[in-house]
Amino acid sequence: MENKRKVSKPEGKLAVLIPGLGAVSTTLMAGVELARQGKGLPIGSLTQMGTARLGKRTDGRTVKLNELVPLAEMQDIAFGAWDIISEDAYQVAVRSGVLNDKHLEQVKPFLSSIKPKKGVHDAEFVRRIEANHIKSTKTHRESIEALRQDIRDFKKELNAKRAVMVVCSSVETFRPLPDAFKSLAAFEKALDENSPDINPTALYTYAALKEGVPFANATPNASVDTPALQELAKQEGMPIAGRDLKSGQTMMKTVIAPALKARMLGLEGWFSTNILGNRDGEVLDDPAAFKAKEVTKSSVLDTILQPDLYPELYNKYSHKVSIHYYPPRGDAKEGWDNIDITGWLGYPMQIKVNFLCRDSILAAPLVLDIALFLDLAKRLEWRGIQEWMSFYFKSPMAQPNLPVEHDLFIQLTKLKNTLRVVAGEEPITHLGLDYYGDDLPLSK
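Given the structure is predicted, the values throughout are model-derived calculations rather than measurements.

**Things to note about the overall build of the chain**
Helices and strands together make up the secondary structure of the chain, namely 17 helices and 13 strands. The C-alpha atoms of the chain give a radius of gyration of 22 Å, which matches the 22 Å a tight globule of 444 residues would have. The principal-axis extent of the C-alpha atoms belonging to the chain is close to 75 × 50 × 50 Å. Relative to its 444 residues, the chain shows a buried fraction of 54%. Long-range contacts, defined here as pairs at least 24 residues apart, represent 76% of the contacts in the chain between residues at least 6 apart. Distance from the positive charge centre (57 side chains) to the negative charge centre (56 side chains) of the chain: 3 Å.

**Observations regarding the environment of Val94**
On the secondary structure map, Val94 appears in helix H4 (residues 89–96). Under the relative-accessibility criterion, Val94 is labelled partly exposed at 42%. Between the C-alpha atom of Val94 and that of Leu104, which follows or precedes it by ten residues, the distance is 7.5 Å.

**What to know about the UniProt feature "coiled-coil region" (unreviewed entry) in the chain**
Under the feature "coiled-coil region" (unreviewed entry), the UniProt entry names residues 137–164. End C-alpha atoms of residues 137–164 are separated by 24 Å, and the span's content is 64% helix alongside 18% strand.

**Structural notes on the sheet that holds strand E12 (residues 348–356)**
Taken in spatial order, the four strands line up as E10-E9-E11-E12 in an open sheet, and their pairing is mixed. Bordering the open sheet on either side are strand E10 (318–325) and E12, each of which pairs with just one other strand. The sheet shows a mean angle of 10° between the axes of neighbouring strands, direction not considered. Bridging between strand E11 (residues 334–342) and E12 involves nine bridges; their strand directions are antiparallel. Opposite Ile341, over in E12, you have Met349 as the bridge partner. Lying over the sheet, helix H11 (residues 249–262) contacts strand E9 (266–276), E10, E11 and E12, oriented at roughly 165° with respect to E9.

**Structural notes on the environment of Asp83**
Along the polypeptide, Asp83 turns up in strand E4 (residues 77–83). Along the primary structure Asp83 and His121 are separated by 38 residues, whereas in three dimensions their C-alpha atoms are 9.0 Å apart. Within the structure, Asp83 has its side chain in polar contact with the backbone nitrogen of Leu21 (distance 2.7 Å).

**Structural notes on unusual backbone geometry**
In this structure, the amide linkage connecting Gly242 to the following residue, Arg243, adopts the cis form with an omega of 5°. Of note, Arg243 is situated in the loop between strand E8 (239–242) and H11. Positive phi, normally seen in glycine, also occurs at Asn401, with a value near 70°. With respect to the element layout, Asn401 can be found in the loop between strand E13 (384–385) and helix H17 (408–422). Residue classification places Asn401 among the exposed positions, given a relative accessible area of 83%.

**Structural notes on the packing of aromatic side chains**
Applying the stated rule across the entire model yields nine aromatic pairs. When the ring of Tyr310 is compared with that of Tyr314, the centres are 6.3 Å apart and the planes differ by 85°; the resulting orientation is edge-to-face. Ring centres 5.4 Å apart and planes at 70° place the aromatic pair Phe373 and Trp388 in the edge-to-face group. Of this pair, Phe373 sits in helix H16 (residues 359–379) while Trp388 sits in the loop between E13 and H17, placing them 15 residues apart in sequence. Above the ring of Phe125, the side-chain terminus of Arg175 is found at 4.0 Å from the ring centroid.

**A look at a nonpolar patch on the surface**
Nonpolar side chains collect at one region of the surface, where Leu41, Ile43 and Met49 lie side by side and expose about 340 Å² of accessible area between them. Mapped onto the secondary structure, Ile43 falls in the loop between helix H1 (23–36) and helix H2 (46–49). Accessibility expressed as a relative area gives 62% for Ile43, which makes it exposed.

**Notes on the pairing of strand E3 (residues 61–64)**
With four bridges joining them, strand E2 (residues 51–54) and E3 adopt antiparallel strand pairing. Within the sheet, the bridge partner assigned to Arg53 lies in E3 and is Thr62. Count of turn residues in the E2/E3 antiparallel hairpin: six residues, of which Gly55 carries a positive phi of about 75°.

**Comments concerning the packing of helix H8 (residues 184–192) against helix H9 (residues 200–210)**
For the pair H8 and H9, interaxial distance at closest approach is 13 Å and the crossing angle is 110°. Comparing the axis directions of H8 and H9 gives the class roughly perpendicular. Crossing angle aside, the handedness with which H8 passes H9 is left-handed. Within the contact between the two elements, H8 uses Phe187, Glu188 and Leu191 and H9 uses Ala202, Leu203 and Tyr206. Split by residue class, the contact of H8 with H9 holds five nonpolar, no polar and one charged.

**Here we look at the pattern of salt bridges**
What the rule picks out here adds up to 22 salt bridges. Lys210 serves as the salt-bridge partner of Glu236, at 3.4 Å between the closest nitrogen and oxygen. You can see Glu236 sitting in helix H10 (residues 227–236) and its partner Lys210 sitting in helix H9, a full 26 residues away along the chain. Assessed through its relative accessible area of 28%, Glu236 is described here as partly exposed.

Cut-offs applied
- Residues numbered from 1 in each chain as written.
- Predicted model: local features only at pLDDT ≥ 70, side-chain atom pairs only at ≥ 80, totals over all residues.
- Heavy atoms only, no water.
- Helix = DSSP H or I, 4+ residues; strand = E, 2+ residues; numbered from the N terminus.
- Rg over C-alpha atoms; globule rule 2.2 N^0.38 Å.
- Buried < 20%, exposed > 50% of the residue type's maximum accessible area, 1.4 Å probe, protein only.
- Contact = heavy atoms within 4.5 Å.
- Lys, Arg positive; Asp, Glu negative; His and termini not counted.
- Charge placed at Lys NZ, Arg CZ, Asp CG, Glu CD.
- UniProt positions renumbered as here; feature names shortened; annotations may be inferred.
- Pairing = 2+ DSSP bridges.
- Axes fitted to C-alpha atoms, helices over the stretch in contact; angles between N-to-C directions.
- Polar contact = N/O pair within 3.5 Å; in protein donor to acceptor, adjacent residues only side chain to side chain.
- Phe/Tyr/Trp six-rings, centres within 6.5 Å; stacked < 30°, edge-to-face > 60°.
- Lys NZ or Arg CZ within 6 Å of the ring centre and 35° of its normal.
- Patch = residues over 30% accessible without salt bridge, like charges linked within 9 Å, V, L, I, M, F, W, Y side chains within 5 Å.
- Areas by Shrake-Rupley, 256 points an atom, 1.4 Å probe, with all protein chains shown as cover.
- Salt bridge = Lys/Arg side-chain N within 4 Å of Asp/Glu carboxyl O.
- Parallel < 35°, antiparallel > 145°, perpendicular 65-115°, else oblique.
- Left-handed = near helix turned anticlockwise from the far one by under 90°.
- Nonpolar A, V, L, I, M, F, W, Y, C, P; charged D, E, K, R; others polar.

Given below as structure tokens:
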């Protein structure tokens, strides 16, 4: 297959700019630096450890993904951040309690050097954090201009030729989609009027896209999943992805639900609950913030199971999701799933899942991959929704009226096939009839 699009090389440093200097972002920063020092493996990262088969199974051609397409190297990554708390990355990492003392001491100078710029804050959207590091801007337009200047300053300070932005901030309170987000013209008007409907994450999004910076939303907050900001991304020629990282319990749903449908097993109910004690858990203790998370966590089952096609199996199942703030647990989140299924003749069975995971350990490599793939998309001159990156998100985007794909394995196939095509290789279909010749003839 001929490669019809030349990809510019990732020359120079890449600034990974993160609104939200918390447990996820500091775990990412520390992990990247430890890997650069040869003191840790980037486990969980497709860009660093993943491979893709090329050609037929009999060809014996398998390459690492970062050899298949030109991705920025970890050595060339530099970090910048914003936060509404004044702590540096080392202080945040210590407080978050994700990494052990040995790892923290090995990267203390590096993390201590990452000091956040003042963040944009609206107490109506984040209620459970006592902010002490906030921009003094009075209007949305002033906040956007300040953020755009920050982006320019970060690139200069970090000596970076390129930048991407991945939001890892706290979950904002949920609100149904306001009219201000339904078109770019309406959004611009709302900015001019300093509308209270516009959340801080949307201001970061607007600033990034206007500065020519690809953007991904790793939170449930309203952002590039809205028509207004998707329109802006296309207008500015910027790739976008999101929303909300698919790291723990929802990842398991997108593995188990496809298995149930593949075997035509029925579903009566799926009860999911979580306990966690980090800042994310504290913020989610606010019911209005939890609602935003509930929306992204609850959306996957219907699209995978397709109850309209299989009403006898999936038309009446009960789905319950809850999150409980439990401070002693810290970042070591625990998720329980009780799944009531039915088999032959309707006989009941159950599946129990107890996932004792580490929230930020699972999320950090996803943010790394998202940043590197966004940078690749920018160098490919791709714009708008990057559906091929759906693998990373609880609530991925697709073009309007196009059904969203949530099956983790289909998403992975889509991602790898996209990279194959970029590299001028044939997509892998897994059909395999040609291996069997006359034993499996397609025609006589």
